[in-house]
Amino acid sequence: MQFIVFAITYPIIWVLSKLPMRILYIKSDFFFFLIYYVIGYRKSVVLENLQLAFPEKTEQELLKIRKKFFKHLMDLMMESVKAFSISEKEILKRYRYKNPELVNKFAKQGRDIALVGAHQANWEWSTSLAKVIDIDVYGAYTKLNNKYFEKYVRSSREKFGVRGYKTSEMVKGMQKRFSEDKRGAYILLSDQSPQPHKTYYWREFFNIKVPVHTGAEMLSKRFDLVVINYVAKKVKRGYYEIEFQLITETPKDFEDYKITDLYTELTEKNILAQPEYYLWSHKRFKHRGKVPAEFQ
């Protein structure tokens, strides 16, 4: 059954990926109309998230942000499809890195780097990262259930030089590279909501106390990683600018969870600059009523 699904679906995705972006955006407009006005996919979830994050905004302002978010989400879907066949020249034209010299400075010093980030604007095209920084780049990914899709999706994500570790094997892979004295930069998206029973730390995110991932901080302290935040900002349709923001080059000097706090504060600031481009369709505040006593 997995192969049948793959054999039917993958050729369609591949053909779509070969279309010019202007044609894909016409399709994006169609899917936006279908998803937003006909199906109403997760409109209530997005609105609830926005109401919780921005209680000071009017209903009209929130609805405007929601509509822009769904337009962007459909664009992102088409851009993810395009990633299967996009050329190096085109992706670097559309996904421009503002200050890669910040990362390269530490790479030249022989430092390992944690690249923390959030699901903001377009994170899928960060697969081009290895083309602009002078160090091996690795990213954690969730293995797909369909083994045929897994092979081709992984190949697509690695074609520009970024290598993937399954999330469960990330730490083991890092340890192996360190034991071989090999340098690397590790992409760690850290803004999703962990399960409460797996959480070490709760803090406010848009004034709501939620569980937060601390893995990037723990790894940075364990392996002495330079911690650099990267944020994608949407310049216009189909074009992004990526900025690197140094959090710390001395992680062991920080008290527990301070690096996580700094990352969360940066993430909030970046979201506030372009709220319509954050991934509001996941239930970011779903554990807000489960705060343990020690974090209240």
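Structure's up top.
Let us look at the structure shown here. (Residues numbered from 1 in each chain as written. Predicted model: local features only at pLDDT ≥ 70, side-chain atom pairs only at ≥ 80, totals over all residues. Heavy atoms only, no water.)

## Considering the pairing of strand β6 (residues 202-205)
Relative to strand β7 (residues 208-211), β6 is paired through four bridges, and the arrangement is antiparallel. For Glu204, the partnering residue across the bridge sits in β7 and is Lys209. Between β6 and β7, which pair antiparallel in sequence order, lie two residues; one of them, Phe206, sits at a positive phi of approximately 55°. (Pairing = 2+ DSSP bridges. Helix = DSSP H or I, 4+ residues; strand = E, 2+ residues; numbered from the N terminus.)

## As for the sheet that holds strand β3 (residues 137-141)
Strands sit in the order β1-β9-β8-β2-β5-β3-β4 across an open sheet of seven strands; the sheet is mixed. Two strands bound the open sheet, and with one partner strand each, they are β1 (95-97) and β4 (163-166). Each adjacent strand pair in this sheet contributes to an overall mean axis angle of 30°, direction not counted. Pairing of strand β8 (residues 226-236) with strand β9 (residues 239-248) involves nine bridges; the strand directions are antiparallel. Residue pairing in the sheet places Tyr230 in a bridge with Phe244 of β9. Helix-sheet contacts for helix α10 (residues 258-273) involve β2 (113-117), β8 and β9, and the interaxial angle to β9 is about 155°. (Axes fitted to C-alpha atoms, helices over the stretch in contact; angles between N-to-C directions. Contact = heavy atoms within 4.5 Å.)

## Description of the nonpolar core
Counting residues in each nonpolar core, the largest one holds 49 residues, and the members touching the most others are Phe70, Met174, Phe206, Trp280 and Phe285. Looking at which element gives the most residues to this core, the answer is helix α4 (residues 59-82), with seven residues. When sequence neighbours within four positions are dropped, the list of residues in contact with Phe70 reads Phe32, Ile35, Tyr36, Tyr41, Arg42, Lys43 and Val46. Judged by nonpolar contacts, the second largest core, of 30 residues, contains Ile113, Ile135, Tyr240 and Tyr277. (Core = buried A, V, L, I, M, F, W, Y, C linked by side-chain atoms within 4.5 Å. Buried < 20%, exposed > 50% of the residue type's maximum accessible area, 1.4 Å probe, protein only.)

## Remarks on the pattern of salt bridges
Per the stated rule, a full pass over the model turns up 18 salt bridges. The residue Glu48 makes a salt bridge to Arg288 at a minimum N-O spacing of 3.5 Å. Residue Glu48 is found in helix α3 (residues 43-53), and its partner Arg288 is found in the segment after α10; the two are separated by 240 residues along the sequence. For Glu88, the salt bridge goes to Lys131, with nearest N and O atoms at 3.5 Å. Of this pair, Glu88 sits in helix α5 (residues 88-94) while Lys131 sits in the loop between β2 and β3; the two residues are 43 residues apart in sequence, bridging distant segments of the chain. One continuous salt-bridge network, built from bridges that share partners, spans Asp29, Asp75, Lys234 and Arg237. (Salt bridge = Lys/Arg side-chain N within 4 Å of Asp/Glu carboxyl O.)

## Some details on a nonpolar patch on the surface
A cluster of nonpolar side chains, contributed by Met1, Ile4, Val5, Ile8 and Ile12, occupies part of the molecular surface with about 530 Å² of accessible area. Locating Ile8 in the fold gives a position in helix α1 (residues 2-17). (Patch = residues over 30% accessible without salt bridge, like charges linked within 9 Å, V, L, I, M, F, W, Y side chains within 5 Å. Areas by Shrake-Rupley, 256 points an atom, 1.4 Å probe, with all protein chains shown as cover.)

## So, a positive patch on the surface
Together, Arg42, Lys283, Lys286 and Lys290 give the surface a local cluster of positive charge. With respect to the element layout, Lys290 can be found in the segment after α10. (Lys, Arg positive; Asp, Glu negative; His and termini not counted. Charge placed at Lys NZ, Arg CZ, Asp CG, Glu CD.)

## Considerations on the packing of aromatic side chains
All chains considered together, the criterion is met by 24 aromatic pairs. Between Tyr95 and Trp125, the aromatic rings sit 6.2 Å apart at their centres with planes inclined by 80°, giving edge-to-face as the arrangement. Highlighted residues: Tyr95 in strand β1 and Trp125 in the loop between β2 and β3, separated in sequence by 30 residues. Each member of the pair Tyr95 and Trp125 is classed as buried. For the pair Phe178 and Tyr186, a centre-to-centre distance of 6.2 Å together with 70° between the ring planes defines the contact as edge-to-face. In this pair, the class of Phe178 matches that of Tyr186, namely buried. By way of ring pairs, the aromatic residues Phe32, Phe33, Tyr36, Tyr37, Phe69 and Phe70 are connected into one cluster. When the ring centre of Phe54 is taken as origin, the NZ or CZ atom of Lys57, which lies over that ring, is 5.6 Å away. (Phe/Tyr/Trp six-rings, centres within 6.5 Å; stacked < 30°, edge-to-face > 60°. Lys NZ or Arg CZ within 6 Å of the ring centre and 35° of its normal.)

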